[in-house]
Amino acid sequence: MRYSIRFKLFAALICLILFFVMLSWILNSFFLERYYFYKKENMLRGSYNLINDLYKSDSENISLELEKLERMQGLHIIITDSNFDLVYNSMERRDNDRPPRTRIRILIPDNWNLAESLIRSRIQEISNGETIIETREDRRMNSRFISLFSKLANGDIIFLSTPVAAIEENVQIANNFFLFTGIITILAGSIFIFLITGKFTNPILELNTIAQKMTLLDFSARYPVKTKDEIGQLGGSINSLSDQLEKSILELRSANEQLMEDIERKMKIDEMRKEFVSSVSHELKTPIALIQGYAEGLRMNVNEDEENKNFYCEVIVDEALKMNKLVKQLLELSQMEAGEFHLEKADFKVCTMINQVLRKNELVFKEKGISVSVDNEDNYMVNADYDRTELVIINYLTNAVNHVDDKKIIRICVKGSSEKVTVSVFNSGEHLPVESYEKIWTSFYKIDKARTREYGGSGLGLSIVKAVLQAHKNRCGVKNVEGGVEFWFELDRVY
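Quick notes on the rules
Residues numbered from 1 in each chain as written. Predicted model: local features only at pLDDT ≥ 70, side-chain atom pairs only at ≥ 80, totals over all residues. Heavy atoms only, no water. Buried < 20%, exposed > 50% of the residue type's maximum accessible area, 1.4 Å probe, protein only. Helix = DSSP H or I, 4+ residues; strand = E, 2+ residues; numbered from the N terminus. Pairing = 2+ DSSP bridges. Phe/Tyr/Trp six-rings, centres within 6.5 Å; stacked < 30°, edge-to-face > 60°. Salt bridge = Lys/Arg side-chain N within 4 Å of Asp/Glu carboxyl O.

Draft legend 1. Region of the structure containing the pairing of strand β5 (residues 157-163). The buried count for β5 comes to six of seven residues, which makes it a mostly enclosed element. Sheet analysis places strand β1 (residues 76-80) next to β5, joined by five bridges and oriented antiparallel. When the sheet's bridge partners are listed, threonine 80 is paired in β5 with isoleucine 157. The pairing of strand β4 (residues 143-151) with β5 spans seven bridges and is antiparallel.

Structure representation (structure tokens):
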């Protein structure tokens, strides 16, 4: 930006003031003198008409009226009769009580002969009612005069004259004074224009600052609308535009974030699908290979004794059962994650359920020498799907049995709050890696794959637990505690 609006407006108004000052000075220089002569000529004609009216009215106060005209208009009046005998001369003093019509001879001034010859030469050129106005120069007095020659209604001749010697000096003085006042006007106008232009341009600059912030997506600035003029309306429009843009950009950002989340979710789903297919393939590969191998052995009659044949059949059945169990778990998990199953909620006592599960698995605990204890504050009443809650407890216990260490301690704890009941299952053993806290709830995730294969785990138990509790809109989790690992979940408490 080479020149600002304020500078341009300031320069334009200053040039306008200079133009009018110079125009006025030029008009004064070239036309003031002409205008002055024009006004003088009109004054002489007006005086002539007044004197002529006085003569027509046959007034007795002609001398007084003529003296008023002389003093007020600065006139030199000469009146003669048709024979050019002097009737009245303003340059002489005479008896004011006797009007010009008495034709009393008065003293003729030394220059009367010159005046008489001038009047004689001009009066021949006019008739009654006509006037001659001319400008002449008196070299003896070094001055200029405007003179009027005419005839009065009674036939007398009148000569009016007024000096104009000082007009050039007056014009010069007027021009000098006008230039002086013009300089003052320019200086005062400059200050005034500077303040006024600031009042007009400052709001524009403020609006420009707001607009620049808007280009940087900063919509915090607002224009304070104080007037209802065009600037105020523009400020209101800018504020409205800022609000609309901010709203639109926020919506776009939200939509973009949602889109990014959807894309990321889709990528995760694709990745999970690939991992799922890989995991399922891996889980099914071993039992299929075993079944195929032992079935081939039976078909080829590798072992003819009955005991080995029975062993082959048992392996095939066992692996088939594992595959069947895996497929059922996959179908159940798929239905849970898709929300295609309905919870059948009911009120029941959670500790009663836990004790029933423990009794069902009592032989397993004795066989492996595991000590199981229940620490409960009260037999709390909860509202949940009974069968699927039982499945969660069974999966937690199964996981604890598979990962318990040589101390062989499993402890179930039930605690209640105003709205929730928390059930936790502790097993003595090694701590989980912290980075595995979230991963263990993923399908087919196994920290120790060799050990998982050893006890026949599929890596779906905790995924099913998470899906069940999400359907109940409750939480679950895991944490390392002193001496082992503790898994927990929440249920809705009822009274």
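That covers the picture; the talk isn't over yet.
Draft legend 2. Representation of the packing of aromatic side chains. Going through the model one piece at a time under the given rule, you end up with eight aromatic pairs. Between phenylalanine 19 and phenylalanine 20, the ring centres sit 5.4 Å apart and the planes meet at 70 degrees, which makes this aromatic pair edge-to-face. Since its relative accessible area comes to 48%, phenylalanine 19 is described here as partly exposed. Their ring planes at 55 degrees and their centres at 5.7 Å tell us that tyrosine 396 and phenylalanine 489 sit as a pair that is tilted. Of this pair, tyrosine 396 sits in helix α9 (residues 386-403) while phenylalanine 489 sits in strand β12 (residues 484-493), placing them 93 residues apart in sequence.

Draft legend 3. How the structure looks around the pattern of salt bridges. Under the criterion given, the structure shown has ten salt bridges. One salt bridge in this structure joins glutamate 67 and arginine 71, with 3.1 Å as the shortest N-O distance. With a gap of four residues between them, glutamate 67 and arginine 71 both fall in helix α2 (residues 62-73), about one helical turn apart. With relative accessibility at 61%, the residue arginine 71 sits in the exposed group. The residue arginine 222 makes a salt bridge to glutamate 246 at a minimum N-O spacing of 3.6 Å. Of this pair, arginine 222 sits in the loop between α4 (167-215) and α5 (230-299) while glutamate 246 sits in helix α5; the two residues are 24 residues apart in sequence, bridging distant segments of the chain. Three or more residues are tied together by salt bridges with common partners; here these are Arg222, Asp243 and Glu246.

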